[in-house]
Amino acid sequence: MATITLSGNPITTNGDLPAVGSQAPDFKLTRADLSDVTLADFKGRKKLLNIVPSLDTGVCATSTRKFNEAAKKLGDQVVVLIVSADLPFAQSRFCTGEHLDNVISLAMMRDKNFAKDYGVLIQDGPLAGICARAVVVLDGNDKVLYTELVPEIVQEPDYDQALAAL
């Protein structure tokens, strides 16, 4: 369990992010077209997981825009995945409206195992049941290269460190 804050008020997650050097937990998440994807769908590619509470908030939207911009320069061997509790329809509407073509939005629509397995499921406070803000970078074989659990939910992640890990 990790403690983070929401506007200075302590809240807890269900666990900890996967350890650097460990194998990332597999997941089943839902794309905008309602198909399910797993880590195997991105095999051989480095992955940057931008885990956010909701794309319908300013900081989540900003981090998605910034990682989308960075993804333009990363090449085909890297995929940027945006994971949130938003429905795929809302994710798609946001990404389409913002012209965010370089990221893939993924929803926890069918279950919350991703949030549980990655240790980012918020347990208490007004955001209980959705994800804490975090970044996880994986190599092409799904080994964890970098993690950041953002200590204050209304704070942006460290973009430079996350991108350097790729």
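(A) Representation of unusual backbone geometry in the model. Positive phi, normally seen in glycine, also occurs at S7, with a value near 55°. Mapping S7 onto the fold places it in the loop between β1 (3-6) and β2 (9-12). Judged by relative accessible area, which is 56%, S7 ranks as exposed.

(B) Inspection of the pattern of salt bridges at higher detail. Tallied over the full model, the rule gives six salt bridges. Of the charged contacts in the structure, one is a salt bridge between E98 and R65, with a shortest N-O distance of 2.8 Å. Taken together, the residues span a long stretch of sequence, with E98 in the loop between α2 (88-97) and β7 (103-107) and R65 in helix α1 (residues 58-71) at a distance of 33 residues. A residue is classified by how much of its surface remains accessible, and R65, at 33% relative accessible area, is partly exposed. Through salt bridges that share partners, K28, D36 and R110 make up one connected network.

(C) View of the nonpolar core. Judged by nonpolar contacts, the single largest core of 31 residues is most densely connected at F27, L49, I51, F114, Y118 and V120. Those elements that place two or more of their residues in this core are β1, β5 (46-51), β6 (78-84), β7, α3 (113-117) and β8 (134-138). With near-sequence residues (within four places) excluded, F27 lies in contact with V37, T38, L39, L49, L81, L106, F114 and Y118. One finds L55, A71, V80 and L100 within the second-largest nonpolar core, a separate group that totals 20 residues.

(D) Broad picture of the pairing of β2. One ladder, built from four bridges, connects β1 with β2; its direction is antiparallel. Counterpart to T5 in the pairing with β2 is P10. The antiparallel pairing of β1 with β2 creates a hairpin that spans two residues between the two strands, and S7 there sits at a positive phi of about 55°.

(E) Up close: the environment of A115. Tracing the sequence through the fold places A115 in helix α3. Taking the C-alpha atoms as reference points, A115 and A132, 17 residues apart in sequence, are found 8.6 Å from one another. Once residues within four sequence positions are removed from consideration, A115 is found in contact with N14, M108, V120, L121 and C131.

(F) Layout of the packing of aromatic side chains. Summed over the entire model, instances satisfying the criterion amount to three aromatic pairs. With centroids separated by 5.1 Å and ring planes inclined at 65°, the aromatic side chains of F67 and Y159 adopt a geometry described as edge-to-face. Remark: Y159 occurs in helix α4 (residues 159-165) and F67 occurs in helix α1; sequence separation between them is 92 residues. The class of Y159 is buried, set by a relative accessible area of 14%. Through pairs of rings, three or more aromatic residues link up here, namely F27, F114 and Y118.

Conventions used here
Residues numbered from 1 in each chain as written. Predicted model: local features only at pLDDT ≥ 70, side-chain atom pairs only at ≥ 80, totals over all residues. Heavy atoms only, no water. Helix = DSSP H or I, 4+ residues; strand = E, 2+ residues; numbered from the N terminus. Buried < 20%, exposed > 50% of the residue type's maximum accessible area, 1.4 Å probe, protein only. Salt bridge = Lys/Arg side-chain N within 4 Å of Asp/Glu carboxyl O. Core = buried A, V, L, I, M, F, W, Y, C linked by side-chain atoms within 4.5 Å. Contact = heavy atoms within 4.5 Å. Pairing = 2+ DSSP bridges. Phe/Tyr/Trp six-rings, centres within 6.5 Å; stacked < 30°, edge-to-face > 60°.

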